[in-house]
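Results of the structural survey
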Amino acid sequence: MNSAAASPSAPLPDNLRAPALTVGRVTPGSLDDQILAFPERMPPRKWYIAVACTGTVMTLGLAMIGYTLFTGIGAWGNNSPVFWAFDIINFVFWVGIGHAGTLISAILFIFRKRWRNAIARFAEAMTIFAVMCAGLFPLIHVGRPWLAFWLAPYPNQRGLWTNFRSPLLWDVFAVSTYFAVSAMFWYLGLLPDLASLRDRTESRIRKPIYTLLSLGWRGSASHWQHFEKAYLLLAGLATGLVLSVHSVVSFDFATSVVPGWHMTIFPPYFVVGAIFAGFAMVVMVLIVVRESMDLKNLITDFHLEVMNKVILGMSCLMGYSYVVEAFTAWYSQNSILQHTFLNYISGTYGWAGWLTICCNVLVPQLLWIRYCRRSYPWMILVALAVTVGMWFERFCIIVISLHQDYLPSAWHNYRPTLVDYGVLLGSFGIFFTLVLLFARVLPVIATTELKATLPGAQPSHGAGHGAASGGPHD
Amino acid sequence: MTDLNAGSFAVLGLFDSPDALMAAIPRVRARALGRLEAYTPYPVHGLDEALGLRRSPLGGMVLVMGVLGVVAALVFQGWLSAVDYPLVTGGKAPSSWQAFVPIMFEIMVLFATFTAGLGMLLLLNRLPYFGHPVLQSRAIRGITRDRFALAVEADGGLDPAAAASARSALEAAGALDIEVLPEPAAGPLFTAEGIQRTLAAIVAACVGAGMLMYWAVKLMPVLPPMSHILEQPRLNPQAPSTFFRDGHGMQLPVPGTVARGFLPFPARTPEAAAGMVNPLPVTRAVLARGRSEYQVRCAVCHGALGDGVPTLTAAYGAKPANLLAPANLALSDGRIYGTIVLGKNAMPSYAADLAEDDRWAVVHYVRALQRAQHAKDEDLP
């Protein structure tokens with residue numbers, strides 16, 4: 001950090017000092033005893049109840065997916081011209097949820113935001129689970145998922161290659177790369193923590209598992225040097241991914257001619273929406289984790305407040321995007337585009353448009369108030385609103401744009417079936433089941449990263465400002 | 001373990017704070033013989049410089065692989081889309097590269113990330129390595145928690161003198177605990193037996209995977225729901241059906257149904273039809289039609305020229321009529337038409353095979369054959 005400016009003789013006034021990222025006395029040892037003890041203990045009763053609930057929902061969703069595979073996607077409400085409906089809405093929604101984790105682990109890492117350390121591990125795990133949920137939908141949406149390997153460009157006896165000018169193929173590459181990179185990022189961060197677990201545990205079952213997973217990590221200085229370099233490079237590369245993955249998802253729409261899709265604002269609009277929805281989900285999950293696992297000393301009110309500020313900023317950008325959409329429709333003087341835009345707010349599904357605007361733009365404005373940024377009920381209200389709003393935003397984009405396009409004789413309303421609702425619910429079940437399992441099996445906080453930023457963790461270069469010095473990467 | 005006379009890999013001193021570690025490094029470095037290595041629970045600032053580590057070459061590796069990813073993706077997509085399988089989409093030239101950029105970017109990121117992650121782990125850090133002496137030491141529990149270790153190491157093993165001097169140097173630098181680590185046992189993966197076992201495991205895994213694939217390929221298409229593509233809501237000819245009362249899938253038309261081109265024929269004998277007039281004009285198209293039908297239906301008995309010399313084998317026994325015979329030349333169009341519809345002697349009815357227009361076209365063609373075989377000078381063009 002800026003050690004030259006902070007003269008030891010003139011201490012900074014309190015209001016200029018960076019807020020403490022931990023509460024109470026936290027030492028590397030106490031951190032291990034607090035975080036790494038979770039996988040060693042049997043979970044409490046309420047955890048089993050939670051897993052039973054999410055597992056039931058997951059099973060329901062899997063049953064609905066099985067039913068779909070067996071009978072075909074006629075089981076869904078999709079029709080002509082609404083060829084894309086819940087399947088693609090859910091896909092876009094879940095890919096978006098993943099973006100918060102990548103933003104926290106990549107962009108905030110490069111910007112040296114130290115508050116990311118305590119929440120990065122959980123957010124990255126949520127990224128991976130969200131991308132898993134997202135990947136499910138294009139797969140079942142193809143109808144015959146056992147032939148989904150046709151999406152891969154491999155030499156085949158049909159003598160065909162995939163169409164590399166199709167945004168749908170770009171999407172296949174973007175999402176699979178995103179998953180691979182997120183998993184790599186997550187695993188690298190976990191590696192030193194797994195080594196800590198390995199050396200703590202006395203269990204004959206866990207010890208070999210952790211030994212294998214930690215690859216014999218021994219924390220030597222030369223290893224750390226390469227490790228830090230790799231982490232920095234991964235962060236830089238993942239920064240490109242945060243911006244690119246949802247841009248490519250938006251190309252699925254923007255490169256088509258459907259009114260309401262064919263817009264140049266789509267890539268940034270989608271990326272902002274993704275980060276917005278992702279942060280809301282991270283806030284909700286972190287509140288539960290922090291309360292139920294007693295992590296208030298590590299995930300402080302300050303952490304939640306900063307995340308709520310990000311949500312507020314993204315909400316304003318969403319509002320701006322909606323205004324630009326409206327402006328584009330008006331300024332284009334294209335009656336069909338204007339009709340589609342009016343459909344968002346006054347057509348058959350006009351309620352969905354208003355719900356989107358209320359949830360995404362109006363409700364988050366509460367976060368201007370400091371009290372709301374620090375109060376559970378208010379921030380949960382906002383986070384829930386954002387989650388609902390962002391789902392309905394994709395509903396508006398997909399269903400409202402498709403159900404009335406250029407050809408009035410082809411217009412058709414859309415009505416989801418029970419199977420559609422079941423699959424949507426099931427994806428939440430899958431996500432939260434995975435989150436719950438993760439919370440008990442692996443360290444929920446990146447202990448190694450946090451240790452390096454604790455007061456006194458870095459050598460004090462004689463000036464005695466160790467507490468103010470930054471993380472391992474400063 | 002503390003026997004200094006046996007070959008030892010390293011002497012390791014434990015410290016309880018990063019400051020103590022940093023202070024010890026120059027002091028031990030000045031006295032010890034061997035390579036200095038530190039073991040810490042997290043990356044410690046300034047350790048690289050203090051230990052004199054070289055910069056990590058990872059950045060260059062990642063750059064090279066990233067560029068390689070971009071080039072590979074461009075060449076791959078370009079070759080497939082413009083050369084091997086030229087596919088014109090959106091009116092773009094086959095070689096338009098702009099559409100390849102998203103996948104070029106993704107492949108670049110993929111190559112670069114895996115180089116960074118796996119290159120760091122496998123190439124630079126030489127992991128996985130489960131046999132390292134430090135992992136078996138007492139100190140490791142502290143190293144991955146909150147202790148800092150400084151080790152004097154040598155790959156070939158420290159000789160007793162070097163170990164002793166390292167020990168005293170670490171003691172003088174204030175190490176809380178000192179441990180002598182033995183030489184690592186040869187990695188189990190690199191003995192002859194280990195290599196054999198590994199190879200055997202790989203072969204076994206390949207055979208297992210191959211058998212699984214074989215059965216998957218065999219079974220997949222015939223299992224539901226994959227087999228649903230074979231089950232189609234369609235009734236094959238002659239198949240039974242529970243839909244109709246009589247259980248037949250194929251049903252007769254409703255009584256009185258008249259098919260197009262098959263109006264009921266009132267005459268009972270060919271002679272009774274003699275007065276009918278050929279409604280078709282004599283055109284090239286009609287004659288071509290008539291010739292085609294004649295050659296399919298009639299020529300087999302009446303001969304290609306209409307002379308009653310059949311292509312049919314003589315064993316058939318019937319004696320087909322010579323259409324060129326004078327008696328037949330005199331027949332009216334309607335009479336020939338009646339014969340086609342009703343048949344004569346061994347000749348069956350062709351009413352079901354030839355529609356009305358086809359029959360009249362055949363009549364025209366028979367007239368053309370008769371005229372061709374009895375051509376007069378003025379018939380020549």
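Throughout this description, residue numbers start from 1 for each chain and increase along the sequence as written. Chain A is the first chain written and ligand 1 is the first ligand written, with later ones labelled in order. Local features in this predicted model are restricted to residues whose pLDDT is 70 or higher, and side-chain atom pairs enter the listing and the counts only when it is 80 or higher, whereas totals over whole chains, interfaces and linings include all residues.

**Concerning the overall build of chain A**
- Each helix and strand counted, chain A has 15 helices and 0 strands in total.
- With the C-alpha coordinates of chain A rotated into their principal frame, the extents come out at 80 × 50 × 45 Å.
- Three exposure classes are used, all based on how many other C-beta atoms lie within 10 Å of a residue's own C-beta (placed from the backbone): buried at 20 or more, exposed at 12 or fewer, and partly exposed between those limits. Out of the 474 residues in chain A, the part that is buried amounts to 50%.
- For chain A, the proportion of contacts with a sequence separation of at least 24, taken over those separated by at least 6, is 81%. Labels follow the DSSP assignment, with helices taken as runs of H or I lasting at least four residues and strands as runs of E lasting at least two, numbered in each case from the N terminus. A pair of residues counts as a contact when their C-beta atoms, built from backbone coordinates, are within 7 Å of each other.

**Comments concerning the overall build of chain B**
- A count of helical and extended segments in chain B gives 11 helices and 4 strands.
- Rg of the C-alpha trace for chain B: 49 Å, well past the compact-globule value of 21 Å for 381 residues, more than 25% over.
- Principal-axis analysis of the C-alpha atoms gives chain B an extent of 135 × 50 × 40 Å.
- Put simply, of all contacts in chain B between residues at least 6 apart along the chain, 73% involve residues at least 24 apart. Using C-alpha atoms as the atom set, the radius of gyration is obtained and then compared with a globule rule of 2.2 Å times the number of residues to the power 0.38.

**Things to note about the interface of chain A and chain B**
- Facing 56 residues of chain A, the contacting portion of chain B comprises 64 residues.
- Those elements that place two or more of their residues in the side of chain A that touches chain B are α1 (28–35), α2 (45–71), α5 (167–200), α7 (221–254) and α15 (447–453) of chain A.
- Element by element, the count of residues in the side of chain A that touches chain B is highest for α7 of chain A, at 17 residues.
- Only Asp, Glu, Lys and Arg are considered charged in this grouping, and only Ala, Val, Leu, Ile, Met, Phe, Trp, Tyr, Cys and Pro are considered nonpolar; every other residue, Gly among them, is considered polar. In terms of residue class, the side of chain A that touches chain B is built from 31 nonpolar, 18 polar and 7 charged.

**Overview of the domain arrangement of chain B**
- Where each domain begins and ends follows an automated or database-derived domain assignment. What the domain assignment lists for chain B is domain 1 (8–186) and domain 2 (271–375).
- Taken over C-alpha atoms, the centre of domain 1 of chain B sits 95 Å from the centre of domain 2 of chain B.

**Quick word on the pairing of strand β1 (residues 8–15) of chain B**
Residues and elements named next belong to chain B.
- Across the 8 residues of β1, 8 count as buried, placing the element largely inside the fold.
- Pairing of β1 with strand β3 (residues 148–158), which is carried by 7 bridges, proceeds in the antiparallel orientation. By the bridge assignment, V11 is partnered in β3 with V152.
- Two strands are said to pair when DSSP picks up at least two bridges between them. Relative to strand β4 (residues 177–182), β1 is paired through 6 bridges, and the arrangement is antiparallel. Its bridge partner being in β4, V11 is matched across the sheet by V180.

**Thoughts on the nonpolar core**
- Within the largest apolar cluster, 202 residues are counted, with the highest numbers of intra-cluster contacts made by F276, F279 and V282 of chain A together with L150 of chain B.
- Element by element, the count of residues in this core is highest for α7 of chain A, at 17 residues.
- Those residues within four positions of L150 of chain B in sequence are excluded, and the remaining contacts are G13, F15, L21, A24, I25, V28, L36, A38 and L170 of chain B. Any nonpolar core is a set of buried residues, restricted to Ala, Val, Leu, Ile, Met, Phe, Trp, Tyr and Cys, that join up through C-beta atoms within 7 Å.

**Quick word on the environment of G66 of chain B**
All names here are of chain B.
- Take G66: it is sitting in helix α3 (residues 58–84).
- Overall, G66 belongs to the buried group, with 21 C-beta atoms counted inside 10 Å.
- Sequence separation of G66 and A154 is 88 residues, and the distance between their C-alpha atoms is 36 Å.
- Among residues more than four places away in sequence, those in contact with G66 are M108, F111 and A112.

**Topic: the sheet that holds β3 of chain B**
Residues and elements named next belong to chain B.
- An order of β2-β3-β1-β4 is seen for the 4 strands of this open sheet, with the pairing classed as antiparallel. In this open sheet, the two strands that pair with only one neighbour each are β2 (35–39) and β4. Ignoring strand direction, the axes of neighbouring strands in this sheet form an average angle of 25°. To get an axis, a line is fitted to the C-alpha atoms, and for a helix only the part in contact is used. The angle between two axes follows their N-to-C directions and goes from 0 to 180 degrees.

**Some thoughts on the confidence of the model for chain B**
All names here are of chain B.
- pLDDT is a per-residue confidence score from the predictor, ranging from 0 to 100. Per-residue pLDDT for chain B averages 87, and the proportion of residues at 70 or more is 96%.
- Segment residues 1–5 is flagged for pLDDT under 50; beyond a separation of four residues in sequence, or across chains, it makes 8 contacts in the model.
- Across the assembled chains, the prediction reports ipTM 0.91 with pTM 0.81.

**Overview of α2 of chain A**
Residue and element names in this part refer to chain A.
- By definition here, a helix of n residues has an expected span of 1.5 Å times n minus one. Across its 27 residues, α2 extends 39 Å between first and last C-alpha, which sits within 8% of the 39 Å expected from 1.5 Å per residue.
- Three or more residues of α2 are buried, namely T54, M58, G61, M64, I65, T68 and L69.
- Among the residues trailing α2, G72 stands out with phi positive, at a value near 100°.

**Overview of the packing of α5 of chain A against α7 of chain A**
Residue and element names in this part refer to chain A.
- Their axes nearest at 9 Å, the elements α5 and α7 cross at an angle of 150°. Regarding the angle of α5 to α7, the classification is roughly antiparallel. Judged by the sense of rotation from one axis to the other, the crossing of α5 with α7 is left-handed. Facing P167, L168, W170, D171, A174, V175, Y178, V181, M184, F185 and L188 of α5, the residues of α7 in contact are A230, Y231, L234, L237, A238, L241, S244, V245, V248, V249, F251 and D252.
- When its residues are assigned to classes, the contact of α5 with α7 shows 20 nonpolar, 1 polar and 2 charged. Relative orientations are named as follows: roughly parallel for angles under 35 degrees, roughly antiparallel for angles over 145 degrees, roughly perpendicular for angles from 65 to 115 degrees, and oblique for any other angle. Note: crossing handedness is left-handed where the near helix turns anticlockwise from the far helix by less than a right angle, and right-handed where it turns clockwise.

**A word on unusual backbone geometry**
- In this structure, P128 of chain B follows L127 of chain B across a cis peptide bond, with omega equal to -5°.
- The omega angle of the peptide bond from P224 of chain B to P225 of chain B is 0°, so this bond is cis rather than trans.
- Turning to its location among the elements, P225 of chain B is positioned in the loop between α7 (192–219) and α8 (284–302).
- Its identity is not glycine, yet L215 of chain A carries a phi of approximately 60°, on the positive side.
- With respect to the helices, strands and loops of the structure, L215 of chain A is situated in the loop between α6 (206–213) and α7.
- Backbone geometry places D294 of chain A, a non-glycine residue, at a positive phi of 60°.

**Things to note about the environment of L305 of chain B**
All names here are of chain B.
- Tracing the backbone through its elements, the reader meets L305 in the loop between α8 and α9 (326–329).
- The sequence separation of L305 and N278 amounts to 27 residues, and the corresponding C-alpha distance is 21 Å.
- Sequence-distant contacts of L305, defined by excluding residues within four places in its chain, comprise L369 and Q373.

**Some points on the pairing of β3 of chain B**
- Sheet topology places β2 of chain B next to β3 of chain B; 5 bridges connect them, and they run antiparallel. Bridge pairing in β3 of chain B places L36 of chain B opposite V152 of chain B.

**A look at the packing of helix α11 (residues 350–362) of chain A against helix α13 (residues 376–403) of chain A**
Residue and element names in this part refer to chain A.
- At a minimum axis separation of 8 Å, α11 and α13 run at an interaxial angle of 145°. Relative to α13, the crossing made by α11 is left-handed. Of the residues in α13, those touching α11 at A352, G353, L355, T356, C359 and N360 are A385, V386, V388, G389, M390, F392, E393, F395, C396 and I400.

**Quick word on the confidence of the model for chain A**
Residue and element names in this part refer to chain A.
- Per-residue pLDDT for chain A averages 90, and the proportion of residues at 70 or more is 95%.
- Low confidence marks residues 1–6, where pLDDT is under 50. Its contacts with residues over four positions away, or in another chain, come to 9 contacts.
- Predicted confidence is poor over residues 463–474, with pLDDT under 50, and the contacts of this stretch with residues over four places away or in other chains come to 35 contacts.

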